[in-house]
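Results of the structural survey
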Amino acid sequence: MTTVDDQSVGMDYLESFPKKFLRVYLPLGLIIFFLLFPFYWMAVTTFKPDAEMYDYEKYNPFLIAHPTLEHIKKLFFDTDYPLWMWNTVIVSVSSTFISLFASVCAAYAIERLRYTGSRYVGLAIFLGYLVPPSILFIPLAAIVFQLGLFDGNLALILTYPTFLIPFCTWLLMGYFRTIPYELEECALIDGATRLQILVKITLPLSLPGVISAGIFAFTLSWNEFIYALTFISSSENKTIPVGAITELVNGDVYHWGALMAAALTGSVPVVILYSFFVEYYVSAMTGAVKE
Amino acid sequence: MAVIAEPVTAQLKRSSLWSRAFESRNFLGAMFMVPAIAILILFLAYPLALGFWLGMTDTKIGGVGRYIGFANFVSLSKDSVFWLSVFNTIFYTVFASIVKFAIGLYLALLLNERLPFKSMVRAIVLLPFVVPTVLSAIAFWWIYDSQFSIISWVLIKAGLLTNYIDFLGDPWNARWSVVLANIWRGVPFVAITLLAGLQTISPSLYEAANLDGATNMQRFRHITLPMLSPIIAVVMTFSVLMTFTDFQLIYTITRGGPINATHLMATLSFQRAITGGNLGEGAAISNAMIPFLVAAILLSFFGLQRSRWQQGGRD
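Parameters at a glance
- Residues numbered from 1 in each chain as written.
- Chains lettered and ligands numbered in written order.
- Predicted model: local features only at pLDDT ≥ 70, side-chain atom pairs only at ≥ 80, totals over all residues.
- Heavy atoms only, no water.
- Helix = DSSP H or I, 4+ residues; strand = E, 2+ residues; numbered from the N terminus.
- Rg over C-alpha atoms; globule rule 2.2 N^0.38 Å.
- Buried < 20%, exposed > 50% of the residue type's maximum accessible area, 1.4 Å probe, protein only.
- Areas by Shrake-Rupley, 256 points an atom, 1.4 Å probe, with all protein chains shown as cover.
- Lys, Arg positive; Asp, Glu negative; His and termini not counted.
- Charge placed at Lys NZ, Arg CZ, Asp CG, Glu CD.
- Disulfide = S-S within 2.5 Å.
- Contact = heavy atoms within 4.5 Å.
- UniProt positions renumbered as here; feature names shortened; annotations may be inferred.
- Core = buried A, V, L, I, M, F, W, Y, C linked by side-chain atoms within 4.5 Å.
- Buried area = accessible area lost by both parts, 1.4 Å probe.
- Salt bridge = Lys/Arg side-chain N within 4 Å of Asp/Glu carboxyl O.
- Polar contact = N/O pair within 3.5 Å; in protein donor to acceptor, adjacent residues only side chain to side chain.
- Nonpolar A, V, L, I, M, F, W, Y, C, P; charged D, E, K, R; others polar.
- Phe/Tyr/Trp six-rings, centres within 6.5 Å; stacked < 30°, edge-to-face > 60°.

What follows covers the overall build of chain A. Check the secondary structure of chain A and you find 14 helices and two strands. For chain A, whose C-alpha radius of gyration is 24 Å, the value lies well above the compact-globule estimate of 19 Å for 291 residues. Projecting the C-alpha coordinates of chain A onto the three principal axes gives extents of approximately 80 × 70 × 30 Å. Looking at chain A as a whole, 54% of its 291 residues are labelled buried. About 12,500 Å² of surface is accessible on chain A, with carbon and sulfur atoms providing 69% of the total. The positive charge centre, built from 15 side chains, and the negative charge centre, built from 23, are 7 Å apart in chain A.

Okay, here's the thing in structure tokens:
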């Protein structure tokens, strides 16, 4: 689970700076530039007035001569964007909590109770992760309609766990495995019930795993698109990705400023969340990979 | 004595039944599984089965369908747009996956070096993976704009071009454009996961190889690659699955255009089922993806078995 900070071996420190620059820093810099450029472009467009955005002759497109908040203002006050933001938060938070609850129970049962057939159930749940939403959305649309959930947050809150539970369960199983079984045995001898053991011993010890599963679930549901596009029809019920794509484009007129502002402000919450927990994420991956 | 003895034994009996049930791992296990299994059966297993069924009906939105057997598949087999979408899907998956793997592995090796601000660099690298795909795809849509593309502008200023490139208006340009956007999005996942894999390789192996006078290339070829291969198989299975069933990028950037040149099977099935109202036909198109997905999973599964067997491990 621990991330080893320095893996460089042997006599790397003898390497001269220019050589290391050519071998490591330059290619790394180029790749990072490639990965970051779209965000830079998003930000530049967001704060650039229309006059500059469509005039590459007079203004350098990479810079902003007269920064403006006009696009963000338009997005927040002239569109349903605040509602989309609210829906996205509600849906992501609810489906994350449902999935975490179901996954903690399932992972604990599979990994710790080891009931008859738990291996196969665990494998079946993992296989569920390999079923892509683009195969499920058509029958799910029929089901959502039959249950009367069409065009409401509940349709998304109940369907998102189908791709969150398999992932979270798999991640948590790996975490529970790292907790010494002896701790639970001691508690059992002392007369604790299974539920007490789960809540007072296993869960606190696997908190980093639960947190990374939660962050993962949250960002996956924030990112979800095809279900939200299919199950939601009125503007006030949409999530950010769907709202941006379907409501900010009027016929052939693209409001690039507002679109980029939506892309930027819709990305910021998940980016902030991730930047706090990126080490958890990498160590969770390492823990999962070690198996 | 006798008066109170009766209820006490009854209580004891009842509590022992309960406590015995709660001590039984099988009963307790089943109870703990209920929330996950209920959701997965209702919204995953049942729809999967329903999807198979829908693909063999002529269901329209808002109507009840009839069973028509394989008629949907027969008509699809004569549908040139469907075959074009199959071609596009394979093209998209093959090129994007190969490049994602190459850049991802290279980036993982670079990130595994001794670097200043290591964790910050990692956080930055993850960004394209973290940001909602549709929102970053909007940025690519703007980057590929026919009149205001920043790529065209730079190339013209550099004197390499005279005209703006019509990125999304020309079939082949559009195909390569969406492949590039997919690579951009997928590289961080491959890189970070492979980096996690690299960190599990024991440094002592490299030290031993150093003492034996192995070159960098030899160390990579004989230590890194074999030790990494199980993770490579897992990552690439996921990457291929996600690319093959991709919907968001295409729907946002091209909606399948120009003239269906970038339609993937997923976007075509959405168009036929939801926009066009032919649920049955759309379901048949998504069902047609399943054999490819199963093949990808089996391939990596048997690949893993084989490498394990070659290394002398048990199954």
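What follows covers the state of the cysteines. Residue and element names in this part refer to chain A. Evaluated as defined, the whole model comprises zero disulfides over all chains. The thiol sulfur of C105 is not disulfide-bonded, and the nearest other cysteine sulfur, from C168, lies at 13 Å. For C168, a relative accessible area of 1% gives the class buried.

To continue, consider the environment of F73 of chain B. All names here are of chain B. Tracing the backbone through its elements, the reader meets F73 in helix 3 (residues 71-77). Measuring from C-alpha to C-alpha, the distance between F73 and N287 comes to 9.7 Å, with 214 residues separating the pair along the chain. Setting aside anything within four residues of it in sequence, one finds F73 in contact with G55, A284 and N287.

This part is about the UniProt feature "transmembrane region" (unreviewed entry) in chain B. All names here are of chain B. As recorded in UniProt, the sites labelled "transmembrane region" (unreviewed entry) are residues 27-55, 90-111, 123-144, 225-244 and 284-304. The span residues 123-144 carries 86% helix and 0% strand; its end-to-end C-alpha distance comes to 27 Å. Each end of residues 225-244 is marked by a C-alpha atom, and these two atoms are 25 Å apart; helix forms 100% of the span and strand 0%.

This paragraph deals with the nonpolar core. As a rule of thumb, nonpolar side chains are buried together in soluble globular proteins. The biggest cluster of nonpolar side chains holds 178 residues, and the ones touching the most others in it are Y227 of chain A together with L107, L111, I138, L194 and I253 of chain B. Of the residues forming this core, the biggest block, 14 residues, is contributed by helix 4 (residues 81-113) of chain A. When residues no more than four places from it in sequence are discounted, the contact partners of L107 of chain B are L28, I31 and L35 of chain A together with V125, V187 and A191 of chain B.

As a further point, take the environment of I165 of chain A. Considering the arrangement of structural elements, one finds I165 of chain A in helix 8 (residues 161-177). A C-alpha to C-alpha distance of 21 Å links I165 of chain A and N87 of chain A, two positions 78 residues apart in sequence. The contact partners of I165 of chain A, leaving out residues within four places of it in the chain, are S99, A102 and S103 of chain A together with A36, I39 and L40 of chain B.

Bringing the interface of chain B and chain A into the picture now. Facing 99 residues of chain B, the contacting portion of chain A comprises 104 residues. Of the roughly 9,100 Å² buried between chain B and chain A, counting both surfaces, carbon and sulfur atoms make up 79%. Together, F32, F43 and W142 of chain B form the three largest contributors to the area buried by chain B at its contact with chain A, with a combined 10%. At the junction of chain B with chain A, the criterion picks out one salt bridge. E113 of chain B is the salt-bridge partner of R23 of chain A, the closest N and O atoms lying 3.1 Å from each other. Between chain B and chain A we count eight residue pairs in polar contact (both at pLDDT 80 or more) in total. At 20 residues, the largest contribution of residues to the side of chain B that touches chain A is made by helix 2 (residues 25-54) of chain B. Among the residues making up the side of chain B that touches chain A, the classes are represented as 70 nonpolar, 19 polar and 10 charged.

This next bit is on the UniProt feature "transmembrane region" (unreviewed entry) in chain A. Per the UniProt record, "transmembrane region" (unreviewed entry) is found at residues 21-43, 84-109, 121-148, 154-176, 197-220 and 256-282 of chain A. The straight-line gap between the two end C-alpha atoms of residues 84-109 of chain A is 37 Å; of that span, 100% is helix and 0% is strand.

Mapped onto the secondary structure, S134 of chain A falls in helix 6 (residues 133-146). By relative accessible area, S134 of chain A is classed as buried at 3%. A distance of 2.8 Å separates a polar atom in the side chain of S134 of chain A from the backbone oxygen of T245 of chain B. Dropping the residues within four chain positions of it, S134 of chain A is found in contact with I226 of chain A together with T245, A266, S269, S286 and M289 of chain B.

So, on to the packing of aromatic side chains. Scanning the entire structure with this criterion turns up 49 aromatic pairs over all chains. Look at F225 of chain A and F247 of chain B: their rings are 6.1 Å apart centre to centre, the planes differ by 35°, and that puts the pair in the tilted class. Here the residue F225 of chain A occupies a position in the loop between helix 11 (207-223) and helix 12 (226-231), and F247 of chain B occupies one in the loop between helix 10 (216-244) and helix 11 (248-253), the pair thus bridging two chains. For the pair F225 of chain A and F247 of chain B, a shared accessibility class is recorded, and that class is buried.

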